[in-house]
Structures are given as C-alpha cells and as structure tokens.
Amino acid sequence: MNRMNRTDQTVSRSWAFGTASRSPFSHPSGFRGRLAGLVMLLTNDHQGVVDLLAVRPGDQVLEIGHGAGGFLRRLTATPAGMIYGVEPSAVMRDEAARRLRNEIASGRVELRLGTAEDTGLPTTSIDRVVALNNVAIWPDLEAGLREIHRITRPDGLVVIGWHSRTAPSRLTRRLALPEDRLEVLHDTMRRVFGAAERVELRSLTAFTATR
Ligand SMILES: C[S@@+](CC[C@H](N)C(=O)[O-])C[C@H]1O[C@@H](n2cnc3c(N)ncnc32)[C@H](O)[C@@H]1O
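Residues numbered from 1 in each chain as written. Predicted model: local features only at pLDDT ≥ 70, side-chain atom pairs only at ≥ 80, totals over all residues. Heavy atoms only, no water.

The name recorded for the protein in an unreviewed UniProt entry is Methyltransferase domain-containing protein, from Thermostaphylospora chromogena.

Here's what the structure looks like:
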C-alpha cells in the first residue's frame with residue numbers, strides 16, 4: 001500500500017482509482033476539509049437510503065465515513081436505538097459532532113475515529129451498517145467488507161452506496177464509477193456476504209447484503 005502522512009490521517013491508494021487522492025473530499029483536513037464538508041452537505045443526495053436500511057426500533061446503526069454528518073442527522077429520525085459514526089478525518093468527526101451535539105449529549109449518538117477497515121467496534125454488535133460515497137476511496141475493498149461482515153449481527157443489513165450516473169447534480173454525477181469497478185464491488189460483496197443486490201437510487205448506485 002502506498003502511504004503518505006497527512007495532518008490527521010493517512011492517505012492511501014484507492015482500490016477503485018488506483019491512485020492516492022489528496023482531494024479534501026476524500027481526506028478532509030484543515031480549512032479546505034471543512035469547506036469540502038459543507039459542499040458534501042449541499043450536493044450529496046442520500047434519497048432512498050433510509051427506506052433501504054429499514055431501521056427497526058432499537059437497532060444499533062453504524063454509518064461509516066459520515067463526513068459532515070448529513071446522513072447521521074437523517075438516521076436520528078429513524079427508530080434506531082444507538083447510532084454510531086466511524087470516520088477517519090478528525091475535522092469531519094468534529095463537524096458532525098457539532099451538528100449532532102444534543103444527540104451526543106443524550107448518549108444516543110457516538111462518533112469515533114476509525115476506518116471501514118478498522119472500525120474498532122465489537123464483533124456482531126451492529127444491526128444496520130451504511131457507507132455512502134466513500135467505498136471507492138477505501139484502500140482495500142475486501143478488508144473493509146470483511147470488517148463490516150465481522151461487526152454485523154446475523155441477519156443484519158449492510159448498504160453501500162456510491163455516486164451514480166443518474167444523480168441530478170452534475171458535480172457528483174461525474175464521480176460515478178465505471179461498470180467494471182461496480183462489478184468488482186458487487187463480486188466482492190457477494191464473496192464476503194454470500195449474496196448482494198444492486199439497487200439504483202436517484203443519486204446513488206447501492207449494494208445491499210444481509211449477513
Ligand atoms: C465524499 S465524503 C462523503 C461523506 C458522506 N458519507 C456523504 O455522503 O456526504 C468521503 C468521506 O469518506 C471518508 N473516508 C476516507 N477514507 C475512508 C475509509 N478508509 N473508511 C471510511 N471512511 C473513509 C472521508 O474522511 C470523508 O469524510
């Protein structure tokens with residue numbers, strides 16, 4: 001793996017792009033990172049994901065790579081019991097923490113530094129796992145999916161989404177992955193979980209799997 005040190009995290013080569021991105025959207029840090037967080041809030045459209053996740057009362061829910069916390073806020077409107085966020089960028093963790101300070105104070109939301117490959121959460125502890133617009137940045141797809149498999153409870157559901165070609169925003173539409181990369185993602189999910197479904201949402205191509 002090609003590693004370069006950054007302010008608050010390590011930048012690694014992405015499995016999907018084959019390069020180490022220094023974009024503040026992939027590895028937000030400093031002022032540019034905070035700015036990128038605002039753009040994420042304005043442009044990243046997560047429509048349809050809440051329905052797909054089908055959170056049940058009391059579920060333990062985890063969002064990986066939550067960025068500025070837009071979708072975490074949506075999760076607070078579901079009947080989830082506890083909501084966890086895992087994010088490698090301290091800047092994004094702090095932005096999300098500011099946005100969700102009341103829920104954190106009440107103990108319903110917990111944010112921690114970590115990655116898809118190393119969430120730091122206990123084995124079979126989570127009922128619903130969601131990762132939006134970050135899977136293509138992960139350095140090691142299989143390691144990330146194996147970690148998600150490890151922490152998901154039997155019968156738990158996983159939803160992984162990335163920008164699609166049908167997104168209304170031109171800014172995010174051009175980030176859509178080529179079909180061969182989507183096939184690698186789908187195949188790896190099938191291998192790790194046994195089966196995986198592809199679903200086209202308004203702005204995301206999503207893959208779902210049950211443990
Ligand atoms: C484009 S932002 C998307 C944020 C948010 N999920 C959204 O849809 O608005 C990508 C996020 O992925 C995070 N990230 C980068 N590498 C990661 C990894 N290996 N595991 C989990 N998240 C990662 C970044 O820190 C950043 O906050």
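A. Up close: the UniProt feature "domain: Methyltransferase type" (unreviewed entry) in the protein. As annotated in UniProt, the feature "domain: Methyltransferase type" (unreviewed entry) corresponds to residues 62-160 in the numbering used here. Structurally, residues 62-160 is divided into 32% helix and 30% strand, and its ends, taken at the C-alpha atoms, are 12 Å apart. (UniProt positions renumbered as here; feature names shortened; annotations may be inferred. Helix = DSSP H or I, 4+ residues; strand = E, 2+ residues; numbered from the N terminus.)

B. Just the pairing of strand β4 (residues 82-87), in detail. Within β4, six of the six residues are buried, leaving the element largely enclosed by the surrounding structure. Burial along β4 is two-sided: the residues M82, Y84 and V86 and I83, G85 and E87 are all buried. Note that strand β3 (residues 60-64) and β4 share five bridges and pair parallel. Bridging from a neighbouring strand, L62 pairs with Y84 of β4. (Buried < 20%, exposed > 50% of the residue type's maximum accessible area, 1.4 Å probe, protein only. Pairing = 2+ DSSP bridges.)

C. Focus on the sheet that holds strand β9 (residues 204-210). Taken in spatial order, the seven strands line up as β5-β4-β3-β6-β7-β9-β8 in an open sheet, and their pairing is mixed. Because the sheet does not close on itself, it has two edges, and the strands there are β5 (109-113) and β8 (197-200). Pairs of neighbouring strands in the sheet enclose a mean axial angle of 20 degrees, with direction left out of account. Across five bridges, β4 lies against β5 in parallel orientation. Looking at the pairing, G85 lines up with L111 of β5. Contacts from helix α4 (residues 90-99) reach β4 and β5, with the element oriented near 170 degrees to β5. Against the sheet, helix α8 (residues 179-193) makes contact with β7 (152-163), β8 and β9, and its axis sits at roughly 15 degrees relative to β9, the strand it touches most. (Axes fitted to C-alpha atoms, helices over the stretch in contact; angles between N-to-C directions. Contact = heavy atoms within 4.5 Å.)

D. Molecular detail of the site of the ligand. Of all residues adjacent to the ligand, which total 24 residues, the nearest are N44, H46, G65, E87 and L132. Between the ligand and E117 there is a distance of 3.1 Å, counted from a nitrogen atom to a side-chain nitrogen or oxygen. Between L132 and the ligand, the recorded distance is 2.8 Å, taken from a backbone N or O atom to a nitrogen atom. When the ligand is considered free in solution it has 600 Å² of accessible area, and contact with the protein chains removes 95% of it. Considering only residue class, the shell around the ligand consists of eleven nonpolar, ten polar and three charged. (Near = heavy atom within 4 Å. Polar contact = N/O pair within 3.5 Å; in protein donor to acceptor, adjacent residues only side chain to side chain. Areas by Shrake-Rupley, 256 points an atom, 1.4 Å probe, with all protein chains shown as cover. Nonpolar A, V, L, I, M, F, W, Y, C, P; charged D, E, K, R; others polar.)

E. Examining the packing of helix α6 (residues 141-151) against α8 more closely. Closest axis-to-axis distance for the α6/α8 pair is 10 Å, and the angle between their directions is 40 degrees. Classed by the angle they form, the pair α6 and α8 counts as oblique. When the axes of α6 and α8 are compared, the crossing they make is right-handed. For the pair formed by α6 and α8, the contact residues are L141, E142, L145, R146, I148 and H149 on the first element and V184, L185, T188, M189, R191, V192 and F193 on the second. (Parallel < 35°, antiparallel > 145°, perpendicular 65-115°, else oblique. Left-handed = near helix turned anticlockwise from the far one by under 90°.)

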